[in-house]
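Tertiary structure, described
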Amino acid sequence: KERTFIAVKPDGVQRGLIGDIMKRFEQRGYKLVASKLCMPGKAHLEKHYSDLSSKPFFAGLVTYMNSGPIFAMVWEGKQVVKMGRVLLGATNPLESNPGTIRGDFCIDVGRNVCHGSDAVESAQKEINLWFKPEELLTYEANAKPWIYE
Ligand code: GTP
Ligand code: MG
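Description of the structure in this document. Just so you know, these numbers come straight off a predicted model, no measurement behind them. (Residues numbered from 1 in each chain as written. Chains lettered and ligands numbered in written order. Predicted model: local features only at pLDDT ≥ 70, side-chain atom pairs only at ≥ 80, totals over all residues. Heavy atoms only, no water.)

**A look at the site of ligand 1**
Spelled out, the test is: If even one non-hydrogen atom of a residue comes within 4 Å of a molecule or strand, that residue is called near it. Think of a polar contact as two N or O atoms within 3.5 Å of one another; within protein, one of them needs to be a possible hydrogen donor and the other a possible acceptor, and neighboring residues in sequence only count if both atoms come from side chains. In this count, Pro and Cys sit with the nonpolar residues alongside Ala, Val, Leu, Ile, Met, Phe, Trp and Tyr, while Asp, Glu, Lys and Arg are called charged and the others, Gly among them, polar.
What surrounds ligand 1 is the set Lys 9, Tyr 49, Leu 52, Phe 57, Leu 61, Arg 85, Thr 91, Arg 102, Val 109, Asn 112, His 115 and Gly 116. Contact distances for ligand 1 include 2.6 Å between an oxygen atom and a side-chain N or O atom of Arg 85. By residue class, the composition of the shell around ligand 1 is 5 nonpolar, 4 polar and 3 charged.

**Overview of the pairing of strand β1 (residues 3-8)**
Definition in use: For every residue, the accessible area (1.4 Å probe, protein chains only) is compared with the maximum for its type, and the residue is labelled buried under 20%, exposed over 50%, or partly exposed between those bounds. Labels follow the DSSP assignment, with helices taken as runs of H or I lasting at least four residues and strands as runs of E lasting at least two, numbered in each case from the N terminus. Whether two strands pair comes down to DSSP finding at least two bridges between them.
Among the 6 residues that make up β1, 5 are buried, leaving the element largely enclosed by the rest of the structure. Alignment of β1 against strand β3 (residues 70-76), held across 6 bridges, turns out to be antiparallel. Note that in β3 the partner of Val 8 across the bridge is Phe 71. Of the strand pairs in this sheet, β1 and strand β4 (residues 114-116) are connected by 3 bridges, and their pairing is antiparallel. Looking across to β4, one finds that Val 8 is bridged to Cys 114.

**Comments concerning helix α2 (residues 18-28)**
To keep things clear, this is the line we draw: Think of it as the arc spanned by the lines of direction from the helix axis to the C-beta atoms. Contacts are assigned to residue pairs that have any heavy atoms within 4.5 Å of one another.
When α2 is considered as a whole, its buried residues turn out to be Ile 21, Met 22, Arg 24 and Phe 25. Down the axis of α2, the sector holding all buried residues measures 145 degrees, keeping them to one side. Exposed and oriented more than 90 degrees from the buried face of α2 are Glu 26 and Gln 27. On its buried side, α2 packs onto β1, β2 (31-38), β3, α5 (80-88), α6 (101-105) and β4.

**Concerning the sheet that holds β4**
As a reminder, the rule being used: Note on geometry: axes are lines fitted to C-alpha atoms, helical ones only across the stretch in contact, with angles between N-to-C directions running from 0 to 180 degrees.
Reading across from one edge, β2-β3-β1-β4 is the order of the 4 strands in this open sheet, with antiparallel pairing throughout. Two strands bound the open sheet, and with one partner strand each, they are β2 and β4. Sheet twist, expressed as the mean angle between neighbouring strand axes with direction ignored, is 15 degrees. Where helix α7 (residues 120-130) meets the sheet, it contacts β1, β2, β3 and β4, and its direction lies at approximately 60 degrees from that of β1.

**Quick notes on the packing of aromatic side chains**
Note on aromatic pairs: each is described by the distance of the centres and the angle between the planes. Put simply, the rule reads: Pairing of aromatic rings covers Phe, Tyr and Trp, the last through its six-membered ring, and needs centres within 6.5 Å; plane angles under 30 degrees mean stacked, over 60 mean edge-to-face, and all others mean tilted.
Under the criterion given, the structure shown has 3 aromatic pairs. The interplanar angle of 65 degrees and the centroid separation of 6.4 Å between the aromatic rings of Phe 5 and Phe 131 together place this pair among those described as edge-to-face. One end of the pair, Phe 5, is in strand β1; the other, Phe 131, is in the loop between α7 and α8 (144-147), with 126 residues separating them in the sequence. Taken as a pair, Phe 5 and Phe 131 share a single burial class, namely buried. Members of the aromatic cluster, connected to one another through ring pairs, are Phe 5, Trp 130 and Phe 131.

**Topic: the nonpolar core**
Rule in force here: For our purposes a nonpolar core is just a set of buried Ala, Val, Leu, Ile, Met, Phe, Trp, Tyr and Cys residues, chained together by side-chain atoms within 4.5 Å.
Ile 21, Phe 25, Met 73, Trp 75, Ile 101 and Val 113 are the most contacted members of the largest nonpolar core, which totals 20 residues. Breaking this core down by element, the ones donating at least two residues are β1, α2, β3, α5 and α6. Take this core: its biggest share by element is 4 residues, from α5. Those residues in contact with Ile 101 that sit more than four places away from it in its chain are Ile 21, Arg 24, Phe 25, Leu 87, Leu 88, Val 113 and Cys 114. Val 33, Tyr 49, Tyr 64 and Val 74 belong to the second largest nonpolar core, which has 19 residues in total.

See below:
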């Protein structure tokens, strides 16, 4: 079963967008398997974005991510990594289509309200970084036969 790591960044939390962002995944039919509001600290965030450590915007990115609570989630379902990125929209909100989360809720790339894993392997890494195994719940979603053929 495919899983992805989705997070509402500090700007999204402060702007009251947690519910709107969760709703996009819920209404599409994906299943929530973990969630928490947290402030993991600078070292954790540097690890989360370690692939970008050589970028000129890295320090600003870590400061931004460390500026307030983050709402971390794990969603499960068919092709959820790829579809999660589609639901989020392009990295730069000025290039995100209306109807996507970023295309509906933000303007600046450095305040783009949400994060989503970019591949199945990075999703696994990020889920392990942000959640303990016991925080990931196993349960039967009632609507499953009404969502999947
Ligand atoms: P995430 O879901 O947050 O990982 O975004 P992404 O996968 O669409 O993009 P990427 O991993 O390349 O960049 C991570 C984050 O760094 C982005 O979401 C932006 O918040 C920020 N970022 C990326 N490029 C730029 C940039 O050119 N300038 C600034 N200021 N921030 C950037
Ligand atoms: Mg990324």
